[in-house]
2 protein chains.
Amino acid sequence: MNEKNSTAERLEGSLVAENIREALRPRIDAFVTTAQRAPRLGLLLAGDDAGSEVYVRNKILQSEKLGMETDLRRLSASATFSEAMAVVQEFNANLTVDGILVQSPLPRSMGNDAEQRIFDAIDPKKDVDGFNPRNVGRLVQNRATLVPCTPAGIVMLLDRQGVDVSGKHAVVIGRSDIVGKPMAMLLLHRHATVTICHSRTSNLKSIAASADLLVAAVGRPCFVTAEFVKNGAVVIDVGINPMTVREDIVEIFGESSKKVQAFDRRGQVLVGDVHPGVNNVAGGLTPVPGGVGPLTIAMLLSNTVSAAEARLRDSKLSVK
Amino acid sequence: MNEKNSTAERLEGSLVAENIREALRPRIDAFVTTAQRAPRLGLLLAGDDAGSEVYVRNKILQSEKLGMETDLRRLSASATFSEAMAVVQEFNANLTVDGILVQSPLPRSMGNDAEQRIFDAIDPKKDVDGFNPRNVGRLVQNRATLVPCTPAGIVMLLDRQGVDVSGKHAVVIGRSDIVGKPMAMLLLHRHATVTICHSRTSNLKSIAASADLLVAAVGRPCFVTAEFVKNGAVVIDVGINPMTVREDIVEIFGESSKKVQAFDRRGQVLVGDVHPGVNNVAGGLTPVPGGVGPLTIAMLLSNTVSAAEARLRDSKLSVK
């Protein structure tokens, strides 16, 4: 617990992500020795979303840095749903593909339910995002093998930081299938008392301010101000929001801040869901960037290795 | 909202259950007309648990009263896991079985994970308890067709009573796969702010007392006292606990209470998780018996009809 007006401990997700990646190396080596090939991640990138390009490039770079293989399939923005589904079916059938990642968002023309239909079709054993309903159900039942990467990464961070949530009040702001709901389940399994808040929540501030652990997955820049935070609470900032108006950035971060300097170089900055003023109240806070983002990618690599190992075990069993 | 010391509205689950059953009649008639057979529920009862006997008898009686068919398979307490699995596989394969119910608990000799392995094996389309991981995942994703019966029944009760939980604070005490977790998800989808509490929760009383809707699924007789309840809150009592010591019953319910009279006739009474003193604080309260219990069975019938209808639609589609 920090005193008010002291500075929150900076919870360096990037350092923990580095630890996660290093711990994967011997597992990958062992896999290569036994399987005579590297774990392989199949990726589908459809359309021309600029953010998706960056994310997919990062995922591929980091996979290959660890000695894993990747297989990127690109579809144009005008590709049909059937073309996307055909890629997934091919990845499903390919014995050397261990993990399948379909980058969101899919082109709108594929329909509103395209992503869910794709996730439904991915072989649950290759579902490294953990979005297939069977994997979602197993997560609820506390026996998941492939857990959605962002909440899984947050749990790793809490563990490495020695944050014990048992009996504590955890408040998750946001109820998405990707972050909010799986985060709530993971914290519940670690014996936290868990509250899920969202856009319809009355008294959001006072509920958030009762949290020992506050997870902000709102998608609104600097939405969670110091008033939302109990003194000494641990705050996890899941948001990655672009800000493009200089005056707004100056108002929040100050004229001489690094954010403004970065804006002046690049014309845009990425900010979290948490206001910098929370630093004066929280006991610990993840930075943006360098907090949850690197953890998410590290857990994708970890899930891919886990999937590869499980598939190798299964294939040995079926040979016996 | 009721004033303190007035009596909470009695939320008659048995009346709502009757409405649910009546609404099923025309659907069953239509099914019979089209399918030339009645919807059928396959039940597996293994072992000699006295409570299970009563539950299964009730489920069969109520199914048949509505014109549905049942197929009860009994296994002795010494039956093996393989025998139980064989019954499930037979139900899965049988085209005239629409729903499959495996009564908990299975005999201990079948192993700790026997129930989950059985639920994993049940055809998700016949999984009228909603315990198969695929159905659990679909519930989390807010697109379930077969929802666990107790929380589904509670939602029906809230709807019929006109209780709107949107933006309100719902507190669920209990985190079981059967009640607590699916209840939390259903309330979240109805836009409640949801807190899940459990045995490790600190400050349980004060968290419960902040709830507009309090769902008690603790399994401890009369555990939730008036101090746990905000004035005017709606309280749902999921507990069904036997009490067998007369003095305890007298102390809680009073010497001249119906509970004591019932005990003097039968040597045992069933009580909920909620203390009768809550009647003086809550705005509404489900009785035990006559509250959640009848709703649970009604939703089992409803799930069986829904499963039958869906299977009929699927078979027509596959004929086309």
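Every value quoted in this text rests on a predicted model; they were computed, and no experiment measured them.

J.: Help me understand the overall build of chain A in this model?
T.: Along the backbone of chain A there are 11 helices and 11 strands. Computed over its C-alpha atoms, the radius of gyration of chain A comes to 20 Å, within 12% of the 20 Å expected for a compact globule of 320 residues. Counting only C-alpha atoms, chain A reaches 60 × 45 × 35 Å along its principal axes. Out of the 320 residues belonging to chain A, those deemed buried represent 49%. Contacts in chain A between residues at least 24 apart in sequence constitute 71% of all its contacts with a sequence separation of at least 6.

J.: Explain the interface of chain A and chain B to me, please; I cannot follow it from the model alone.
T.: Much of the literature gives interface size as the accessible area that the parts lose upon coming together. Listed by partner, the interface residues are 24 residues for chain A and 24 residues for chain B. By residue number, the principal contributor to the side of chain A that touches chain B is helix H5 (residues 133-140) of chain A, which donates seven residues. Here the residues of the side of chain A that touches chain B sort into eight nonpolar, 10 polar and six charged.

J.: Help me understand the relation of the copies chain A and chain B in this model?
T.: Taken together, a rotation about one axis and a shift along it account for how the two chain copies relate. If you rotate chain A by 180° and push it 0.0 Å along the axis, it lands on chain B with an RMSD of 0.0 Å. Overall, the copies show the geometry of a two-fold rotation axis.

J.: Looking at this structure, I do not really get the packing of helix H9 (residues 246-253) of chain B against helix H10 (residues 258-266) of chain B. What am I missing?
T.: The axes of two packed helices give the description: the angle between them and the distance between them. Residues and elements named next belong to chain B. Between H9 and H10, the shortest axis-to-axis distance is 9 Å and the interhelical angle comes to 165°. The orientation of H9 with respect to H10, classified from their angle, is roughly antiparallel. Crossing hand, H9 versus H10: left-handed. Contacts from Arg-246, Ile-249, Val-250 and Phe-253 of H9 reach H10 at Lys-259, Val-260 and Phe-263.

J.: Where do I start with the packing of helix H3 (residues 81-93) of chain B against helix H4 (residues 114-121) of chain B in this structure?
T.: Residues and elements named next belong to chain B. Axis separation between H3 and H4 bottoms out at 10 Å; the angle between their running directions is 25°. Judged by the angle between their axes, H3 and H4 are roughly parallel. Handedness of the H3/H4 crossing: right-handed. Contacts from Phe-81, Ala-84, Met-85 and Val-88 of H3 reach H4 at Ala-114, Ile-118 and Ala-121. Class assignment of the residues belonging to the contact of H3 with H4 gives a composition of seven nonpolar, no polar and no charged.

J.: Help me understand the confidence of the model for chain A, please; the structure alone is not making it clear to me.
T.: Interpretation of this model should avoid reading the predicted coordinates in detail wherever pLDDT is low. With 98% of its residues at a pLDDT of 70 or more, chain A has an overall mean of 96. Model confidence for the complex: the whole-complex pTM is 0.96, and ipTM, which rates the interface, is 0.95.

J.: Is there a simple way to think about helix H1 (residues 13-35) of chain A in this case?
T.: Side chains of residues three or four places apart in an α-helix project in the same direction, reflecting 3.6 residues per turn. All names here are of chain A. With 23 residues, H1 extends 32 Å from end C-alpha to end C-alpha; this agrees with the ideal 33 Å at 1.5 Å per step. All of the buried residues in H1 are Gly-13, Val-16, Ala-17, Ile-20, Leu-24, Ile-28 and Phe-31. One or two steps after H1, the chain reaches Gln-36, where phi turns positive at roughly 60°.

J.: Which parts of the structure should I look at to understand the domain arrangement of chain A?
T.: Annotation of chain A at the domain level lists domain 1 (35-124) and domain 2 (148-295). Computed over C-alpha atoms, the centres of domain 1 of chain A and domain 2 of chain A are 28 Å apart.

J.: Where do I start with the sheet that holds strand S4 (residues 99-102) of chain A in this structure?
T.: By definition, the strands of a sheet pair up through backbone hydrogen bonds, in either a parallel or an antiparallel sense. Residue and element names in this part refer to chain A. Strand order in the open sheet made by the three strands is S3-S2-S4, with parallel pairing throughout. Every interior strand has two partners, whereas the edge strands, strand S3 (69-75) and S4, have only one. Geometrically, the sheet is characterised by an average inter-axis angle of 15° between neighbouring strands, direction not taken into account. Where strand S2 (residues 40-46) lies against S4, four bridges are found, and the strand directions are parallel. Looking at S4, one finds that Leu-44 is bridged to Val-102. Each of S2, S3 and S4 touches helix H2 (residues 50-65); the most contacted strand, S2, lies at about 170° to it.

J.: What's the story with the sheet that holds strand S11 (residues 284-285) of chain B in this structure? I'm lost.
T.: Taken in spatial order, the 12 strands make up an open sheet running S1(A)-S11(A)-S8(A)-S7(A)-S5(A)-S6(A)-S6(B)-S5(B)-S7(B)-S8(B)-S11(B)-S1(B), and their pairing is mixed. With partners counted over all chains shown, the strands left at the sheet margins are strand S1 (9-10) of chain A together with strand S1 (9-10) of chain B, one partner each. One ladder, built from two bridges, connects strand S8 (residues 234-237) of chain B with S11(B); its direction is parallel. If you follow Val235(B) over to S11(B), its bridge partner there is Leu285(B). Across the sheet, helix H7 (residues 180-189) of chain A is in contact with strand S5 (169-173), strand S6 (193-197) and strand S7 (213-216) of chain A together with strand S6 (193-197) of chain B; its angle to S6(A) comes to roughly 170°.

J.: In this structure, what is going on with unusual backbone geometry? I would like to understand it.
T.: Look at the link from Val288(A) to Pro289(A): it is a cis peptide, with omega at -5°. When you line up the elements, Pro289(A) lands in the loop between strand S11 (284-285) and helix H11 (292-319). Put simply, Ser104(B) and Pro105(B) share a cis peptide bond, and its omega is -5°. Look at Asn142(A): it is not a glycine, yet its phi comes out positive at around 60°. Among the structural elements, Asn142(A) can be located in the loop between H5 and helix H6 (149-160).

J.: Help me understand the environment of Pro39(A) in this model?
T.: Residues and elements named next belong to chain A. You can see Pro-39 is positioned in the loop between H1 and S2. Taking the C-beta count within 10 Å as the criterion, Pro-39 has 29 such neighbours and is therefore assigned buried. Each C-alpha atom, one on Pro-39 and one on Gly-290, is 26 Å from the other, the two residues being 251 residues apart in sequence. Sequence-distant contacts of Pro-39, defined by excluding residues within four places in its chain, comprise Ile-28, Phe-31, Met-68, Asp-98, Thr-304, Val-305 and Ala-308.

J.: Help me out: how do you make sense of the pairing of S2(A) in this one?
T.: Residue and element names in this part refer to chain A. In terms of burial, S2 is a largely internal element, seven of the seven residues being buried. Covered by surrounding structure in S2 are Arg-40, Gly-42, Leu-44 and Ala-46 together with Leu-41, Leu-43 and Leu-45, the residues of both alternating faces. In this structure, S2 lies alongside S3, joined through seven bridges in parallel fashion. The residue of S3 that forms the bridge with Ala-46 is Leu-75. Taken together, S2, H2 and S3 form a β-α-β motif whose crossover is right-handed.

J.: How do you make sense of helix H5 (residues 133-140) of chain B when you look at a structure like this?
T.: Most of H5(B) sits inside the fold, with eight of its eight residues counted as buried. Every buried residue of H5(B) is accounted for by Pro133(B), Arg134(B), Asn135(B), Val136(B), Gly137(B), Arg138(B), Leu139(B) and Val140(B). Of the surrounding elements, those touching the buried residues of H5(B) are H5 and H7 of chain A together with H4 and helix H7 (180-189) of chain B. Following H5(B) by one or two positions, Asn142(B) adopts a phi angle in the positive range, close to 60°.

Quick notes on the rules
- Residues numbered from 1 in each chain as written.
- Chains lettered and ligands numbered in written order.
- Predicted model: local features only at pLDDT ≥ 70, side-chain atom pairs only at ≥ 80, totals over all residues.
- Helix = DSSP H or I, 4+ residues; strand = E, 2+ residues; numbered from the N terminus.
- Rg over C-alpha atoms; globule rule 2.2 N^0.38 Å.
- Buried ≥ 20, exposed ≤ 12 C-beta atoms within 10 Å, placed from the backbone.
- Contact = placed C-beta atoms within 7 Å.
- Nonpolar A, V, L, I, M, F, W, Y, C, P; charged D, E, K, R; others polar.
- Least-squares fit on C-alpha atoms with pLDDT ≥ 70 in both.
- Axes fitted to C-alpha atoms, helices over the stretch in contact; angles between N-to-C directions.
- Parallel < 35°, antiparallel > 145°, perpendicular 65-115°, else oblique.
- Left-handed = near helix turned anticlockwise from the far one by under 90°.
- pLDDT = per-residue confidence, 0-100.
- Expected span 1.5 Å × (residues − 1).
- Domains from an automatic or database assignment.
- Pairing = 2+ DSSP bridges.
- Right-handed = clockwise from strand over helix to strand, strands pointing away.

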